[in-house]
Amino acid sequence: MPFLRVLVADDEPVSRTVVGAMLKKAGYDVTFAADGRQAWRQLSAANPPSIALLDWEMPGLAGPEVVERIRARGEQAPTYVILLTSRDSSADIVTGLKAGANDYVTKPANEDELVARVNVGARVVELQTALAERVRSLEEALATVRALQTLLPMCAYCKAIRNDQNYWEKVETYFHDHSGVSFSHSYCPTCYDRFVKPQLDALDEVTQAQRRQQEK
Amino acid sequence: MPLPVLDPAVIATLRQLTPPGEPDVLSEVLGLFLSDAPGRMTRLRTAWRDGDAVAVQRSAHSLKGSAGNIGAIAMLAVCKELDEQDRAGDLAAMTPLVASLDAEYAKVAAEIQRLIKPSEEIRRSGE
C-alpha cells in the first residue's frame, strides 16, 4: 500500500534514522518524532499517521503511555501501533500489548521482519478504513429511513403517498421502490363484507335473472 | 581472530537502504552515532561518578540501542551488561564495565572515522 503515512518516534537519532530508512525503502511516507510528546502531538493532530512505531522508553511520554492516550479516544479507525523495544521479556511484552499496542518489534530491528510487520499493520488499517466507511454509509442510509418514517404525506381518501419528487404514488409502489417490499393483494374480513360480498350477491342476482329469462 | 568492531552484515544492510539519488544512509547513520553517542557517554560517566545507578542504566540502555543499530558488537555487549547490572543496583560491579565501555566506544569511533572518510573522499572527487 503506497504512500501510507508512518510515524517513527524514538529519542535515539540512530535507531530513528535506521527504522525510517527501512520503511522509506519499503515505500512508506515516514514522519519522525524525537520524544513521546512530539509523537502525541502528531497523533492528535488532524489527519494523523495511520501507523505509529513508538519506542518503549522515551523522555516525556513513554511508548505505552502514548498508546493508552490513543486508545482512550475510541476511534473507529484508530492508529495501528507497534512498540519498539529492546526489552524481550514476555512480562514486558504483555504490558505493552495490554496498554493497547497492536504489535511489538525488538531492537535493533531486522529489516525484513520490521517491514513485514508494518505491512500487516497496513492491511489492518486498510480493512478498518473500509469498515469505517461502510458503517458511515449505513448510518447515513438509516438516517434517511428514519426521516421517511417520521413524516410521510398520505391522501386521506385514497391513501396515495406523495414521494420526494412531488408525485402521488400508490402505497404499494412507494414502499416497493423505497424498501424493496413487495405486496400480494388480498382482502380482510371487514372489506369482504363491505365490498366483495355485495358484488358477489349482485353477480348472483344477475345470473339468476338471466336464467329466469331463458326459462321463459 | 578478533571480532570485527562493526558487524559487516549490519553495515551491508545500512548501505543498501539508500534510495536512488538520495544521500547515503550508512554515512548519515554513522555520522549521527558520532554526534549523538559522546553526549550519552558523558551522561553515563557523570551518573556513575555521582553514584546514580538508575541514570547509568538509562544511558547504557539508549547506547545499547544505538550500538545495536550500527552493529557495534563488543560495545553492544558491554551496554547490555551495564543495563542488566543496574537491576541488582551494584555500582561497584559497574566500574570495570564503564572502563571497558570507554575502550569499546573509542574503537567504534575510530572504525567509523575510517569508514566515513573514503566515502567522503569519493563524494568530493565526484563533485
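Residues numbered from 1 in each chain as written. Chains lettered and ligands numbered in written order. Predicted model: local features only at pLDDT ≥ 70, side-chain atom pairs only at ≥ 80, totals over all residues.

J.: How would you summarise the overall build of chain A if you had to cite specific residues and measurements?
T.: Across its full length, chain A carries 7 helices and 7 strands. Along the chain direction, N to C, the helices and strands of chain A fall in the order β-α-β-α-β-α-β-α-β-α-β-β-α-α. Expected size for 216 residues packed as a compact globule is a radius of gyration near 17 Å; at 34 Å, chain A overshoots this value by more than 25%. In terms of overall dimensions, chain A has C-alpha extents of about 115 × 30 × 30 Å along its principal axes. In chain A, once contacts between residues fewer than 6 apart in sequence are set aside, the share between residues at least 24 apart is 57%. (Helix = DSSP H or I, 4+ residues; strand = E, 2+ residues; numbered from the N terminus. Rg over C-alpha atoms; globule rule 2.2 N^0.38 Å. Contact = placed C-beta atoms within 7 Å.)

J.: Could you give an account of the interface of chain B and chain A, with specific residues and numbers?
T.: For interface size, the figure often reported is the accessible area lost on association. With 18 residues of chain B at the interface, the matching set in chain A holds 15 residues. Elements with a contribution of two residues or more to the side of chain B that touches chain A: α1 (8-15), α2 (25-49) and α3 (53-69) of chain B. Ranked by the residues each element gives to the side of chain B that touches chain A, the list is headed by α3(B), at 7 residues.

J.: Which residues make up unusual backbone geometry, and what values go with them?
T.: All names here are of chain A. Cis geometry is found at the peptide bond from Lys-107 to Pro-108, where omega equals -5°. Mapping Pro-108 onto the fold places it in the loop between β5 (103-106) and α5 (111-150). Despite not being glycine, Asn-166 shows a phi value in the positive range, around 70°. Asn-166 sits in the exposed class, given 7 other C-beta atoms within 10 Å. (Buried ≥ 20, exposed ≤ 12 C-beta atoms within 10 Å, placed from the backbone.)

J.: Report on the pairing of strand β4 (residues 80-85) of chain A, specifying residues and quantitative values.
T.: Residues and elements named next belong to chain A. With 6 of 6 residues buried, β4 lies mostly within the body of the structure. Residues Tyr-80, Ile-82 and Leu-84 line one face of β4 and the alternating positions Val-81, Leu-83 and Thr-85 line the opposite face, and both faces are buried. Relative to β4, strand β3 (residues 51-55) runs parallel, the two being bridged by 5 bridges. Bridged to Ala-52 within β4 is Val-81. In the classification by handedness, the crossover that spans β3, the intervening helix α3 (residues 63-72) and the parallel β4 is right-handed. (Pairing = 2+ DSSP bridges. Right-handed = clockwise from strand over helix to strand, strands pointing away.)

J.: A description of the nonpolar core should follow, citing residues and the corresponding values.
T.: In a soluble, globular protein the nonpolar side chains are often hidden away together inside. Membership of the largest hydrophobic core comes to 70 residues, with the highest contact counts inside it found for Leu53(A), Leu54(A) and Val29(B). Apart from residues lying up to four places away in sequence, Leu53(A) is in contact with Val6(A), Leu7(A), Val8(A), Ala9(A), Val19(A), Ile82(A) and Leu84(A). (Core = buried A, V, L, I, M, F, W, Y, C linked by C-beta atoms within 7 Å.)

J.: Can you explain the confidence of the model for chain B? Please cite residues and give values.
T.: Residue and element names in this part refer to chain B. Within chain B, residue pLDDT values average 87, and 88% of them lie at 70 or more. The secondary-structure element of chain B with the lowest mean pLDDT is helix α5 (residues 91-126), recorded at 82, while α2 shows the highest, at 94. This complex was scored by the predictor with a pTM of 0.74 and an ipTM of 0.85. (pLDDT = per-residue confidence, 0-100.)

J.: Let's hear about helix α1 (residues 13-25) of chain A: which residues, and what values?
T.: All names here are of chain A. In this model α1 runs 18 Å from its N-terminal to its C-terminal C-alpha over 13 residues, within 8% of the 18 Å that 1.5 Å per residue would give. In terms of burial, α1 is a largely internal element, 11 of the 13 residues being buried. Looking one or two residues beyond α1, the residue adopting positive phi is Gly-27, at roughly 100°. (Expected span 1.5 Å × (residues − 1).)

J.: Outline the packing of α1(B) against α2(B), supporting the account with residue identities and numerical values.
T.: Residue and element names in this part refer to chain B. Running from N to C, α1 and α2 cross one another at 120°; their axes reach a closest spacing of 7 Å. Here α2 runs oblique to α1, going by the angle between their axes. Here Ile-11, Leu-14 and Arg-15 of α1 come into contact with α2, specifically with Val-25, Leu-26 and Val-29. Partitioned by chemical class, the residues of the contact of α1 with α2 number 5 nonpolar, no polar and 1 charged. (Axes fitted to C-alpha atoms, helices over the stretch in contact; angles between N-to-C directions. Parallel < 35°, antiparallel > 145°, perpendicular 65-115°, else oblique. Nonpolar A, V, L, I, M, F, W, Y, C, P; charged D, E, K, R; others polar.)

J.: Before we move on, could you go through the packing of α1(A) against α3(B) and cite the residues and values that matter?
T.: Relative to each other, α1(A) and α3(B) sit at 40°, their axes nearing to 8 Å. Between α1(A) and α3(B), the crossing angle belongs to the class labelled oblique. For the element pair α1(A) and α3(B), the recorded crossing hand is left-handed. Note on element contacts: α3(B) touches α1(A) through Gly65(B), Ser66(B) and Asn69(B), opposite Val14(A), Ser15(A) and Val18(A). Among the residues forming the contact of α1(A) with α3(B), the class breakdown is 2 nonpolar, 4 polar and no charged. (Left-handed = near helix turned anticlockwise from the far one by under 90°.)

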